[in-house]
Amino acid sequence: MDLQKAIRISASGMNAQSTRMRVISENIANADALGETPGADPYRRKTVSFRNILDRQLGAETVRPSRIGTDKSAFPRRHDPSHPAADAEGYVLAPNVNTLIEAMDMRQAQRSYEANVNVIDTSKQMIMRTIDILRG
């Protein structure tokens, strides 16, 4: 495989994982964002979908974020009668963000990002070794 192709494919993977990490960070930052009025929805967890795209110039498939959607799971209810968004029974809808799941997703995204960085580093080393041999 052409080393430049490997670098560009890995760069697309890094871009995709960067998008994923930004969305996960937003989810974690809003894990406690409740509605402001009774019946108002709290923050809804966001998700990222990816797709493979054929890069004709490169002659290979690369990965790209296809869309940022929302998690349609139900909001958990918390009993907090003093909150302005509490219903008549004293319950408030809470965000559908589980910080433990977000932390695990973040770790997976970081590992994928690091793997792509390693591919780029290795490719660059191979290119430099080839140049050294040719000078040789």
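You'll find the structure just up there.
Asks: How should I be thinking about the overall build of the protein chain in this particular structure?
Replies: When its secondary structure is counted, the protein chain shows two helices and four strands. Tracing the protein chain from N to C terminus, the helices and strands come up as α-β-β-β-β-α. Relative to a compact globule of 136 residues, whose C-alpha radius of gyration would be 14 Å, the protein chain shows 22 Å and is clearly more extended. Expressed along its principal axes, the backbone C-alpha trace of the protein chain runs to roughly 80 × 25 × 15 Å. If you take every contact in the protein chain between residues at least 6 apart in sequence, the share linking residues at least 24 apart comes to 60%. Accessible area of the protein chain: about 8,800 Å², with a carbon and sulfur share of 51%.

Asks: Can you help me understand the pattern of salt bridges in this one?
Replies: Side chains that differ in sign of charge can pair as their charged atoms come close. Applying the stated criterion to the full structure yields eight salt bridges. For the salt bridge of Asp71 with Arg45, the shortest nitrogen-to-oxygen distance reads 3.4 Å. With Asp71 in the loop between β2 (60-70) and β3 (77-79) and Arg45 in the loop between α1 (3-29) and β1 (46-55), the pair connects residues that are 26 residues apart, well separated along the chain. Take Asp71 and Arg45: they sit in the same class, and that class is buried. For Arg135, the salt bridge identified is with Asp132, shortest N-O distance 4.0 Å. Pair noted here: Arg135 and Asp132 are both in helix α2 (residues 99-135), with a separation of three residues, about one helical turn. On the accessibility criterion, Arg135 (68% relative accessible area) is exposed.

Asks: Can you walk me through the packing of α1 against α2 in this structure?
Replies: When two helices pack together, their arrangement is given by the angle between their axes and by how far apart the axes lie. One way to put it is that α1 packs onto α2 with a least axis distance of 9 Å and a crossing angle of 160°. Between α1 and α2, the crossing angle belongs to the class labelled roughly antiparallel. Between α1 and α2 lies a crossing of left-handed hand. Among the residues forming the contact of α1 with α2, the class breakdown is 16 nonpolar, 11 polar and four charged.

Asks: Would you take a moment to explain the pairing of β1 for this structure?
Replies: The two faces of a sheet get side chains in turn, since along a regular strand they alternate between them. Across 10 bridges, β1 lies against β2 in antiparallel orientation. Its bridge partner being in β2, Leu54 is matched across the sheet by Glu61. If you look at the hairpin formed by β1 and β2, you'll find four residues sitting between the two strands, and Gly59 has a positive phi there, around 75°.

About the thresholds
Residues numbered from 1 in each chain as written. Predicted model: local features only at pLDDT ≥ 70, side-chain atom pairs only at ≥ 80, totals over all residues. Heavy atoms only, no water. Helix = DSSP H or I, 4+ residues; strand = E, 2+ residues; numbered from the N terminus. Rg over C-alpha atoms; globule rule 2.2 N^0.38 Å. Contact = heavy atoms within 4.5 Å. Areas by Shrake-Rupley, 256 points an atom, 1.4 Å probe, with all protein chains shown as cover. Salt bridge = Lys/Arg side-chain N within 4 Å of Asp/Glu carboxyl O. Buried < 20%, exposed > 50% of the residue type's maximum accessible area, 1.4 Å probe, protein only. Axes fitted to C-alpha atoms, helices over the stretch in contact; angles between N-to-C directions. Parallel < 35°, antiparallel > 145°, perpendicular 65-115°, else oblique. Left-handed = near helix turned anticlockwise from the far one by under 90°. Nonpolar A, V, L, I, M, F, W, Y, C, P; charged D, E, K, R; others polar. Pairing = 2+ DSSP bridges.

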